[in-house]
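Commentary on secondary and tertiary structure
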Amino acid sequence: MTLQQTLSILKPDATRRNLNGKINTKIEESGLKIIAQKRLRLTKEQAQKFYAVHEERSFFNELCDYMISGPIVAQVLEGEDAVARYREIMGATNPANAAEGTIRKEFAESIEANSVHGSDSIENAAIEIAFFFSQLEIVV
Ligand code: ADP
Ligand code: MG
């Protein structure tokens, strides 16, 4: 067990339906701590940069348009094994396959508008956290 940080995003479908509080409750009930948080609206260029790993995928352009369709909330979560732990409570990418009790099972609208993002590795967590936050904004 190691103390880790991971990047979370409450996506536009979540902010549009006023679900920030409900999702944050699930995060906090899992034992993860929200140690940085900000609401912002990405530009197309920023969305393309953030999702650059998916550049070749058929849904890339649609995904970037969706991510700029409304405000998002970027967060840093801290806890034991935070990267894997958050992926667990988020649930599968496609809400149809997400386990009971997960955020995506409960709130996601579709495979695209699936309410939350979570880093998929410790290395990517560090890169994604630095994309949104300076060290000054992360208060443990
Ligand atoms: P995850 O967010 O679970 O790590 P991916 O990294 O594979 O999933 O995909 C990034 C995001 O792209 C997903 O969260 C979802 O919003 C969108 N996405 C993934 N697969 C599809 C798809 N087949 N069609 C449309 N959007 C998709
Ligand atoms: Mg991913």
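Preceding this section is the structure that the text describes.
Below, the structure is looked at part by part. Only a predicted model underlies this, so the values are computations on that prediction, with no experimental measurement involved.

Rules used throughout
- Residues numbered from 1 in each chain as written.
- Chains lettered and ligands numbered in written order.
- Predicted model: local features only at pLDDT ≥ 70, side-chain atom pairs only at ≥ 80, totals over all residues.
- Heavy atoms only, no water.
- Helix = DSSP H or I, 4+ residues; strand = E, 2+ residues; numbered from the N terminus.
- Rg over C-alpha atoms; globule rule 2.2 N^0.38 Å.
- Buried < 20%, exposed > 50% of the residue type's maximum accessible area, 1.4 Å probe, protein only.
- Contact = heavy atoms within 4.5 Å.
- Areas by Shrake-Rupley, 256 points an atom, 1.4 Å probe, with all protein chains shown as cover.
- Lys, Arg positive; Asp, Glu negative; His and termini not counted.
- Charge placed at Lys NZ, Arg CZ, Asp CG, Glu CD.
- Near = heavy atom within 4 Å.
- Polar contact = N/O pair within 3.5 Å; in protein donor to acceptor, adjacent residues only side chain to side chain.
- Pairing = 2+ DSSP bridges.
- Axes fitted to C-alpha atoms, helices over the stretch in contact; angles between N-to-C directions.
- Core = buried A, V, L, I, M, F, W, Y, C linked by side-chain atoms within 4.5 Å.

Assigned secondary structure in the protein consists of seven helices and four strands. Taking 14 Å as the expected radius of gyration for a compact globule of 140 residues, we find that the protein reaches 14 Å, a close match to that expectation. Taken along its principal axes, the extent of the C-alpha atoms in the protein is 35 × 35 × 25 Å. A total of 140 residues make up the protein; the buried ones form 46% of that total. Within the protein, counting contacts between residues at least 6 apart in sequence, those at least 24 apart form 77% of the total. By element, 50% of the accessible surface of the protein is carried by carbon and sulfur atoms, the whole surface being about 7400 Å². Here the protein carries 16 positive and 20 negative side-chain charges, and the mean point of each set is 5 Å from the other.

Take the site of ligand 1 next. The immediate surroundings of ligand 1 are formed by K11, Y51, H54, R57, F59, L63, R87, T93, R104, I111, E112 and N114. Interatomic distance of 3.0 Å between a side-chain N/O atom of H54 and an oxygen atom of ligand 1. Within the contact set of ligand 1, an oxygen atom lies 2.8 Å away from a backbone nitrogen or oxygen of E112. Considering ligand 1 on its own, with 530 Å² of exposed area, one finds that the protein chains cover 81% of that surface.

Glancing now at the sheet that holds strand β1 (residues 3-10). Ordered in space as β2-β3-β1-β4, the four strands form an open sheet in which the pairing is antiparallel. Edge positions in the sheet fall to β2 (33-40) and β4 (116-118), since each has one partner strand and no second. When strand polarity is set aside, the average angle formed by the axes of neighbouring strands in this sheet is 20°. The sheet contact formed by β2 and strand β3 (residues 72-80) spans seven bridges and is antiparallel. Paired with K38 across the bridge in β3 is A74. Running over the sheet, helix α2 (residues 20-29) touches β1, β2, β3 and β4 and is turned about 160° from β2.

Within the element layout of this structure, Q4 appears in strand β1. Looking at Q4, the relative accessible area reads 12%, which means it is buried. Side chain to side chain, Q4 and T2 meet in a polar contact 3.2 Å long. Within the structure, the side chain of Q4 is placed 3.1 Å from the backbone nitrogen of V83, a separation counted as a polar contact. Setting aside anything within four residues of it in sequence, one finds Q4 in contact with L77, E78, G79, D81, A82, V83 and I122.

Let us now look at the nonpolar core. In this structure, L7, I9, M67, V76, F132, F133 and I138 are the most contacted members of the largest nonpolar core, which totals 21 residues. Examining the composition of this core, we find that five residues originate from one element, helix α4 (residues 60-67), more than from any other. For I9, the residues in contact, after removing those within four places along its chain, are F50, M67, I72, V73, S115, V116, H117 and F132. Within the second largest apolar cluster, 15 residues are counted, among which are L10, V73, A82 and I89.

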